[in-house]
Amino acid sequence: MLGGGLLLFLYALAIFAGFISPYDYVRQDHDRFFHPPTWPKISGFHVAIPRYEHLPGDCVYRRDPGDSVPLHFFVHGDAYRLLGLIPFSIHLFGTGNDNYPVYLLGTDQYGRDILSRLLYGSEISLSIGIIGIVISFTLGLLIGGISGYFGGPTDNVIMRWCELIMSVPTLYMVIALRNTFPANISSAQVYGIIIIIYSFIRWAGMARVIRGMTLSLCEQPFVLAARAMGQSHLKIIVRHILPNTFSYVIVAATLSVPYYILGEVDLSYLGVGIQEPSASWGLMLNAAQNTEYMKNYPWLLAPGVAIFITVLAFNFLGDGLRDAADTKA
Amino acid sequence: MNLLEIKDLKLDFGRGTDAARAVDGISLTIATGETVCLVGESGCGKSVTALSIARLVPAPPANYVGGEILLNGRDTLKMSTRELQEIRGGVVSYVFQDPGASLNPVFRIGNQIKESLKLHRPEQANDAEVIRLLKLVGIPAPESRIRNYPFEMSGGMQQRVMIAMALASEPKLLVADEPTTALDVTIQAQILDLLRDLKKRLGMAILLITHNLGIVGDIADRVAVMYGGQVVELASAGDLLRRPLHPYTKALMNSVPKLRGDTDRLSAIPGNVPRIGNFPPGCRFAPRCPIAKPECSDKIPELVEVEPAHWVRCPFWK
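Since we're looking at a predicted model, the values are computed, not measured.

Asker: Give me the lowdown on the overall build of chain B, citing residues and values where you can.
Answerer: Secondary structure summary: chain B contains 11 helices and 12 strands in total. Over its C-alpha atoms chain B spans a radius of gyration of 20 Å, differing by no more than 12% from the 20 Å that the globule rule assigns to 318 residues. Dimensions of chain B along its principal axes, counting C-alpha atoms only, are 65 × 50 × 35 Å. Taken over 318 residues, chain B has a buried fraction of 53%. Residue pairs in contact within chain B that sit at least 24 positions apart in sequence constitute 63% of those at least 6 positions apart. Per element, the accessible surface of chain B, about 14400 Å² overall, is 52% carbon and sulfur. Positive and negative side-chain charges of chain B, numbering 38 and 35 respectively, have mean locations separated by a distance of 1 Å.

Set out below in structure tokens:
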């Protein structure tokens, strides 16, 4: 329940990223690299954003609570497209004054607002799991169902092929496949490639399990009844056998979304995933590799926290669904 | 022309040296509108014979070795997959033993009946027709029942739904494979009444598989008694029940418990049903037969018409 609620919240944030984030994800503030998180000042019912004074030195700032402007809701700011369609420029909150910026999670080495990048990055990082699951589970269900239903040589060929795919260490395979594409392609293309690569690796494990379940379901009289009705093989698999595996599939799907999220993080962290200036959680963590940065600007690790929370939420949800679906456990 | 003509059907499980003959030269005919019972102990090949009619025994492991199954004059053993899918449901429908497991647990029963309609009568695949079918098989308040899942119904109701599914395609032959075995005695009678009533109203033939001789007297026109993959006695139901000729049939009838009489123990046929592929030489019933003679083990006796329309596979039937 907690996991499900949290995920709904996270996905809502991702869908309305443009509206909730106070700035555009590529907007650079050349005066404020490594700006620390802005602590709002609360006086009575008003929230005010204090001014941070840039001290002499590299990137040292001092909070000045005496000099502040009120925080406004629904302010005009950078243009974006609401839900990716409607041109819009109103943001949930902001000061409307460039001298008093709201950087709730600070800025990175290029002076970009980390909260905004985190929200825009969640569009990529969270959707990659869902799309990946849809592709790999469709493949896994169909291929596993066919393998288990027909049995014999068909089964043998498909299962040996699955084992071949599963026996190659995933990360090497992913990087090898990634390198078959040119390095300087756009982020949108990389996004698609990551999904496809991971889906085409992960369907194999799914297919194996579904094949096993199909074998046992084929013994059920209702499969014989469907055949006796004159139903075709493919329809028996899709309509009669596979729906009976869904209680397992839904749980397995939920529990494997994190692999895709982490997969994108891995690749982006290693520099072969999403490219600057696009935002993704892995890419943002990539910037925090440097120990010097980690010590002085710990807010760069915010995407790590986001990943942690998301993965944990998916696992909670998966566990909860498993308990609900399987009364034996 | 007979609706169904099985001629010398032989079916093995496995191939080569592992081959075990489950059905060994079965011949059986069913005329339009006739009810034929197939009786025998578990493992004698009744169900395999019945499933073979629409070639539903998966091959491999099964292997149709020989014979013909003429359904409406066409040999189902020579049909293409597409033709088979048409006659399954279209000409012959099946009702199985365990209705709870024969209905797909994740679909509403209305949709399952509709699936059969979509396959064979697509122009009538609508709720009204489903409701008509449910009414036909005697389900009360069918309007609300079509949205039920199978687990929400009792065993008797589930079997009625199975029958409605089988009838949806308007078959000429209904094969009921022990349709009442998994049900309560009181429900058994209802289901049999239903089958008899439907047969009368729709004019279809029924092949009923059972090991319950009480059912035979109740519903059958003709009876075939099977033992070890062969028909050992074939006669009209009245003849067979009144005057069984084959020693196996006699033994089978003796083991039906009688309410009257002072027997303390229930009688049983001594020994076990031979395993398929491991039949004794000669007459397959000889090792358990009370009147067996040494020559019984020499060769398999022929099925002979000893009286008009009464066939027996035993030379010592007198």
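Structure's up, so let's keep going.
Asker: Give me the pattern of salt bridges: which residues, what numbers.
Answerer: All names here are of chain B. Evaluated as defined, the whole model comprises 23 salt bridges over all chains. Note that Arg196 is salt-bridged to Asp193, the shortest N-O span being 2.6 Å. Placement of both Arg196 and Asp193 in helix H8 (residues 185-202) is noted, with a separation of three residues, approximately one turn of the helix. In this structure Asp193 comes out as partly exposed when scored by relative accessible area, which is 42%. Between Arg201 and Asp197 there is a salt bridge whose closest N-O contact spans 3.1 Å. Residue Arg201 and its partner Asp197 are both found in helix H8; the two are separated by four residues, about one turn of the helix. Here the residues in one salt-bridge network are Asp12, Arg21, Asp24 and Arg284, joined through shared partners.

Asker: Explain the nonpolar core to me, and be specific about the residues and the numbers.
Answerer: Counting 101 residues, the largest nonpolar core has Ile53, Tyr94 and Leu173 of chain B as the members making the most contacts within it. Looking at this core element by element, the count peaks at nine residues for helix H7 (residues 155-168) of chain B. Those residues within four positions of Leu173 of chain B in sequence are excluded, and the remaining contacts are Leu3, Leu4, Ile30, Ile53, Leu71, Val91, Val92, Ser93, Ala205, Ile206 and Leu207 of chain B. Membership of the second largest hydrophobic core comes to 61 residues, among which are Ala253, Leu300, Ala302 and Ala313 of chain A.

Asker: Please give an account of the interface of chain A and chain B that cites residues and values.
Answerer: On the side of chain B, 24 residues touch chain A, which itself brings 16 residues to the contact. Taking both partners together, chain A and chain B bury about 1800 Å²; carbon and sulfur atoms supply 59% of that area. The interface formed by chain A and chain B includes one salt bridge. Between Arg239 of chain A and Glu115 of chain B there is a salt bridge, and its shortest N-O distance comes to 3.9 Å.

Asker: Can you explain the environment of Gly192 of chain A? Please cite residues and give values.
Answerer: Residue and element names in this part refer to chain A. Here Gly192 is to be found in helix H6 (residues 187-218). Given a relative accessible area of 23%, Gly192 falls into the partly exposed group. For Gly192 and Gly132, which are 60 residues apart along the polypeptide, the C-alpha to C-alpha distance reads 9.6 Å.

Calculation notes
Residues numbered from 1 in each chain as written. Chains lettered and ligands numbered in written order. Predicted model: local features only at pLDDT ≥ 70, side-chain atom pairs only at ≥ 80, totals over all residues. Heavy atoms only, no water. Helix = DSSP H or I, 4+ residues; strand = E, 2+ residues; numbered from the N terminus. Rg over C-alpha atoms; globule rule 2.2 N^0.38 Å. Buried < 20%, exposed > 50% of the residue type's maximum accessible area, 1.4 Å probe, protein only. Contact = heavy atoms within 4.5 Å. Areas by Shrake-Rupley, 256 points an atom, 1.4 Å probe, with all protein chains shown as cover. Lys, Arg positive; Asp, Glu negative; His and termini not counted. Charge placed at Lys NZ, Arg CZ, Asp CG, Glu CD. Salt bridge = Lys/Arg side-chain N within 4 Å of Asp/Glu carboxyl O. Core = buried A, V, L, I, M, F, W, Y, C linked by side-chain atoms within 4.5 Å. Buried area = accessible area lost by both parts, 1.4 Å probe.

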